[in-house]
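Coordinate inspection notes
Residue-level listing of the chains:
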Amino acid sequence: MSRLVMKFGGTSLGDMGCIRRAVGHIRREINDGHQVLVVVSAMGSETDRLIGLTREAASMHDAREYDVVVSAGEQVSSGIISLALQREGIAARSWLGWQIPIRTNDMHGAAQIASIDASQIVERLERGEVVVVPGFQGLGSDNRITTLGRGGSDTSAVALAAAVEAQRCDIYTDVDGVYTADPGIVARARRVATITYEEMLEMASQGARVLQTGSVALAMVENVALHVRSSFDEPDAVARDNVGTLICGGNMQGERQVKGAGVVSGIAHSGNEAKITLLDVADRPGVSAAIFGPLADASVNVDMIVQNISEDGELATLTFTLAREDLPRAVAALESASKEIGYRKLLQDDSVAKVSIIGTGMRSHAGVAQQMFRALASKGINILVISTSEIKVSVLVEEQYMELAVRALHETYGLDADE
């Protein structure tokens, strides 16, 4: 019997109707002869409610107690799903993170999984029992509950799939797969049947919200095939050979191969961007450390970086991007370190957006970036910053042009669905 992990997100468990539909999907896989391990998120917006309670109780809360509170949502979901399965005559039991156990480091609120002892749950799976595990939680070295950060249930599912040697990890969500662009922006965006780990990792990191970045990275390391599909499809009406998006390596045996893909697989975007420019920074050894050290100390992650040297080679203008919500903290850190850095003026802009083209085909094709720049120029869109990798080109543009840029690039690279 093959073994599957099925992960259901919060929107897939929003009410009892959603839960009954999830049970139907689980029953279908059992009837197809699979051993099934289920990973669940908290129901609907329950995590947000619990976070709000911790803030009301104490604005400077104890991170360990915070984890106790916010992990409760997944615990409730695991018990409810187990009860609903039992009602259908399906043997099921919930296993909390500490019962397995799922061991993590002690970084409360943003823990990382260190190890999973899967022996007990594998034994139950082989007996034909459905194992239901709350995502997002584990056990620290001090035997206190830890949580993995927002979106951590995806990471839990992938880690458990690797631990039990599952054939595949199915991620059930409120969309029916990964699209070439946001369908809310591009009406002719189309669902991608297969995509590589690398492409999905870039798409997730550049703004696509289907999967959490860390879970994709872990799946790539552990070689766990991911299958994104909609929980809102009726379980008995699913055409099983043409659903969702399979995320895997290029040569996975027994799975659909990633082949025949275009040069660009998708367009990602992020409107949660800001830009800082430092004018007349001395071009000397150690200046970058003087700038980015305080930012790191303030827990500010920097993305795109551009440096321009003056004609005499003595001064530089340095521009970088960051998440919009980090802008006030970054500005405060840089102003506090202004004497050590020695810049003349700090400029900030929170009306920018990032648009990216992504595809493994870019490795072997020349002129892909040139097409991008020409397409944007033809629409009168000015490029503020450029960043590249082997399979990605990202540009920063004024936020008002973000959607126009996404649509223009989607058409330029032939990604529009046939009418």
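Shown above is the structure to which this text applies.
Everything in this summary refers to the structure shown in the same document. Along each chain, the written sequence defines residue order, and numbers are assigned to residues from 1. Only residues with pLDDT of at least 70 are given local features in this predicted model, and only at 80 or more are side-chain atom pairs given and counted; all residues enter the totals for whole chains, interfaces and linings. Only hydrogens and water are removed before side-chain values are computed, so all heavy atoms of the structure are retained for them.

**Some details on the overall build of the protein chain**
- Note on conventions: DSSP H or I runs of at least 4 residues are helices, E runs of at least 2 residues are strands, and numbering of each starts at the N terminus. What the protein chain contains, in helices and strands, is 13 helices and 18 strands.
- Radius of gyration: C-alpha atoms only; globule rule: 2.2 Å multiplied by the number of residues to the exponent 0.38. Taken against the 2.2 N^0.38 rule, which gives 22 Å for 419 residues, the C-alpha radius of gyration of the protein chain at 23 Å falls within 12% of a compact globule.
- C-alpha extents for the protein chain along the principal axes are approximately 75 × 55 × 35 Å.
- Residues counted as buried form 49% of the 419 residues belonging to the protein chain.
- When contacts within the protein chain are restricted to residue pairs at least 6 apart in sequence, those whose partners lie at least 24 apart make up 75%.
- Residue burial considers only the protein chains on display, and all accessible areas are found by Shrake-Rupley using a 1.4 Å probe. In the structure as shown, the protein chain presents an accessible area of about 19,000 Å², 47% of it carried by carbon and sulfur atoms.
- Here the positive residues are Lys and Arg and the negative ones are Asp and Glu; neither His nor the chain ends is included. The location of each charge is read from NZ of Lys, CZ of Arg, CG of Asp or CD of Glu. Measuring between centres, the 38 positive side-chain charges of the protein chain sit 3 Å from its 54 negative side-chain charges. Throughout, exposure labels follow a simple rule: accessible area from a 1.4 Å probe, protein chains only, divided by the maximum for the residue type, with under 20% read as buried, over 50% as exposed, and the rest as partly exposed. Any two residues having at least one pair of non-hydrogen atoms within 4.5 Å are treated as being in contact.

**Thoughts on the state of the cysteines**
- Here, two cysteine sulfur atoms that lie within 2.5 Å of each other are counted as a disulfide. Following the criterion strictly, the structure yields 0 disulfides and no others.
- Cysteine 18 forms no disulfide, and the closest cysteine sulfur to it belongs to cysteine 169, at a distance of 20 Å.

**Let's talk about the sheet that holds strand S15 (residues 315-323)**
- Taking strand neighbours across the sheet as the criterion, the 6 strands line up as S14-S15-S13-S16-S18-S17 in an open arrangement whose pairing is antiparallel. The sheet is open, and its two borders are formed by strand S14 (302-309) and strand S17 (385-389), each paired with just one other strand. Put simply, the sheet's adjacent strands are angled 30° from each other on average, direction ignored.
- In the sheet, S14 pairs with S15 via 6 bridges, with the strands oriented antiparallel. Note on S15: the bridge partner recorded for asparagine 308 is threonine 317. When DSSP finds at least two bridges between two strands, those strands are taken to pair. Every axis in this analysis is a line fitted to C-alpha atoms, fitted for helices over the stretch in contact. Angles between the N-to-C directions lie between 0 and 180 degrees.

**Things to note about the pattern of salt bridges**
- Think of a salt bridge as a Lys or Arg side-chain nitrogen and an Asp or Glu carboxyl oxygen that are within 4 Å of each other. For the coordinates displayed, the defined rule picks out 22 salt bridges.
- Here glutamate 29 ties to arginine 28 by a salt bridge, and the two come within 3.1 Å at their closest N and O atoms. An identical accessibility class is assigned to glutamate 29 and arginine 28; each is buried.
- The network of salt bridges with common partners includes Arg28, Glu29, Arg168, Asp170 and Arg229.

**Some details on helix H3 (residues 63-70)**
- Inspection of H3 places Tyr66, Asp67 and Val70 among the buried residues, and these make up the whole buried set. The arc enclosing the buried residues of H3, seen along the axis, measures out at 100°, which places them on a common side.
- Considering only its buried residues, H3 is in contact with helix H2 (46-57), helix H4 (72-87) and strand S8 (145-147).
- Where H3 starts, the residue carrying a side-chain oxygen 2.9 Å from the main-chain nitrogen of arginine 64 turns out to be aspartate 62. Think of the arc as the fan of directions from the helix axis to the C-beta atoms. Distance and chemistry together define a polar contact, namely a pair of N or O atoms within 3.5 Å, with one atom able to donate a hydrogen and the other to accept it when in protein, and with adjacent residues in sequence counting only for side-chain atoms on both sides.

**Re unusual backbone geometry**
- The residue after isoleucine 100, namely proline 101, is reached through a cis peptide bond having omega -5°.
- For serine 299, which is not glycine, the phi dihedral falls at a positive 60°.
- With respect to the secondary-structure elements, serine 299 resides in the loop between helix H9 (287-297) and S14.
- By relative accessible area, serine 299 is classed as exposed at 55%.

**Structural notes on the sheet that holds strand S12 (residues 245-248)**
- Taking strand neighbours across the sheet as the criterion, the 8 strands line up as S3-S6-S2-S1-S9-S11-S12-S10 in an open arrangement whose pairing is mixed. The open sheet has two edge strands with one neighbour each: strand S3 (92-94) and strand S10 (194-196). Looking at each pair of strands side by side, their axes are set apart by 20° on average, direction ignored.
- Summarising the sheet, strand S1 (residues 3-8) and strand S9 (residues 168-173) pair through 5 bridges and their orientation is parallel. The partner of phenylalanine 8 across the bridge, within S9, is tyrosine 172.
- Relative to the sheet, helix H5 (residues 119-126) contacts S1, strand S2 (35-40), S3 and strand S6 (130-134), its axis offset from that of S2 by approximately 130°.

**Let's talk about the packing of aromatic side chains**
- Two aromatic rings, drawn from Phe, Tyr or Trp (for Trp, its six-membered ring), form a pair once their centres lie within 6.5 Å of each other, and the interplanar angle then sorts them: stacked below 30 degrees, edge-to-face above 60, tilted otherwise. In the structure shown here, the tally under the stated rule is 2 aromatic pairs.
- Measuring from ring centre to ring centre gives 4.7 Å for phenylalanine 8 and tyrosine 172, while their planes differ by 20°; the resulting arrangement is stacked. Within this pair, whereas phenylalanine 8 is found in strand S1, its partner tyrosine 172 is found in strand S9, the two being separated by 164 residues in sequence.
- Residue classification places tyrosine 172 among the buried residues on the basis of a relative accessible area of 0%.
- If you follow arginine 93 out to its NZ or CZ, it ends over the ring of tryptophan 95, 3.5 Å from the centre. Two limits define a charge over a ring: the Lys NZ or Arg CZ must be within 6 Å of the ring centre, and within 35 degrees of the ring normal.

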